[in-house]
Amino acid sequence: MNDDIQEILFTEEQIVAGIDQVAAEVTEHYRGSKFTVVSVLKGSCVFASDLIRRIPIPLELAFVSASSYGDGTVSGRLELNFFPSDQEVSGRRLLLVDDILDTGRTMSSLVGAFRERGAAEVRSCVFLDKPGRRALEYTADHRCFEVDDQFVVGYGLDYAGEYRNLPFVGALRPEIYQQGSSGPETVSPAKTLGD
Ligand code: 5GP
Ligand code: MG
């Protein structure tokens, strides 16, 4: 698995430092009030579980799973595969946590969906941010690291379902996704799976 990585972009030590910083920002924002961390499955599960353990104030945890489809020009349609119950959303302050903010479709659609269902406040926190790839205007409230326009895996991020368990973030060797048929033919896939 490690042989498939061309370059390590963020080591375990760098990741810990990045998360510590974001955890402090989040703690500051929510201190004294109730909030719920909503982990966007599957990609954010590793980040979310490390993040919540560095936030020393009360919080609840929920999960959402969605896929966003777009043709590169319009804001994509969001298909909700799994959504928290009304009780977990209505009147609550929510912090959506995702692995990577790319075109911005998944996050902005999810923010809209949670607002529609009566959330009192919806903010976002992403592990990685690719600002150069945005298809619509969206800025995360918190983010750990910025990355260039390249396909990355590890620390929750997958390629064709694999590599999520790498403890670091790396760029995949181009040969890996060039030989497969289901890979990111370009870094701007017409269909973006929101996991
Ligand atoms: P967006 O809706 O912002 O375009 O899509 C975000 C989703 O696309 C992420 O949650 C992730 O599932 C996927 N994605 C975008 N860029 C990358 C990348 O470099 N590596 C991996 N593994 N997934 C990515
Ligand atoms: Mg995702």
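Residues numbered from 1 in each chain as written. Chains lettered and ligands numbered in written order. Predicted model: local features only at pLDDT ≥ 70, side-chain atom pairs only at ≥ 80, totals over all residues. Heavy atoms only, no water.

Caption draft 1: Structural context of the pattern of salt bridges. The final tally for this structure, using the stated rule, is eleven salt bridges. Note that D149 is salt-bridged to R133, the shortest N-O span being 4.0 Å. Residue D149 is found in the loop between strand 7 (142-146) and strand 8 (152-153), and its partner R133 is found in the loop between strand 6 (121-129) and strand 7; the two are separated by 16 residues along the sequence. The partner of R164 in a salt bridge is D158, with the nearest N and O atoms 3.5 Å apart. Here the residues in one salt-bridge network are D102, K130, R133 and D149, joined through shared partners. (Salt bridge = Lys/Arg side-chain N within 4 Å of Asp/Glu carboxyl O. Helix = DSSP H or I, 4+ residues; strand = E, 2+ residues; numbered from the N terminus.)

Caption draft 2: Local environment of the nonpolar core. Ranked by internal contacts, the top residues of the largest apolar core, which has 29 residues, are F47, L51, F127 and L128. Here the element with the most residues in this core is helix 1 (residues 12-30); it accounts for six residues. Residues within four places of L128 in sequence aside, it is in contact with F10, D99, I100, L101, F145, V147, V152, L157 and V169. Judged by nonpolar contacts, the second largest core, of 21 residues, contains V64, V89, L96 and L110. (Core = buried A, V, L, I, M, F, W, Y, C linked by side-chain atoms within 4.5 Å. Buried < 20%, exposed > 50% of the residue type's maximum accessible area, 1.4 Å probe, protein only. Contact = heavy atoms within 4.5 Å.)

Caption draft 3: Spatial organisation of the site of ligand 1. Taken together, 18 residues lie around ligand 1, and D99, T103, T106, V152 and D158 are the ones closest in. Here an oxygen atom of ligand 1 and a backbone polar atom of D102 are 3.0 Å apart. Protein chains bury 95% of the 520 Å² of accessible surface belonging to ligand 1 in isolation. Residue assignment for the shell around ligand 1 shows that the elements contributing at least two residues are strand 5 (93-101) and helix 4 (105-116). Element by element, the count of residues in the shell around ligand 1 is highest for strand 5, at three residues. (Near = heavy atom within 4 Å. Polar contact = N/O pair within 3.5 Å; in protein donor to acceptor, adjacent residues only side chain to side chain. Areas by Shrake-Rupley, 256 points an atom, 1.4 Å probe, with all protein chains shown as cover.)

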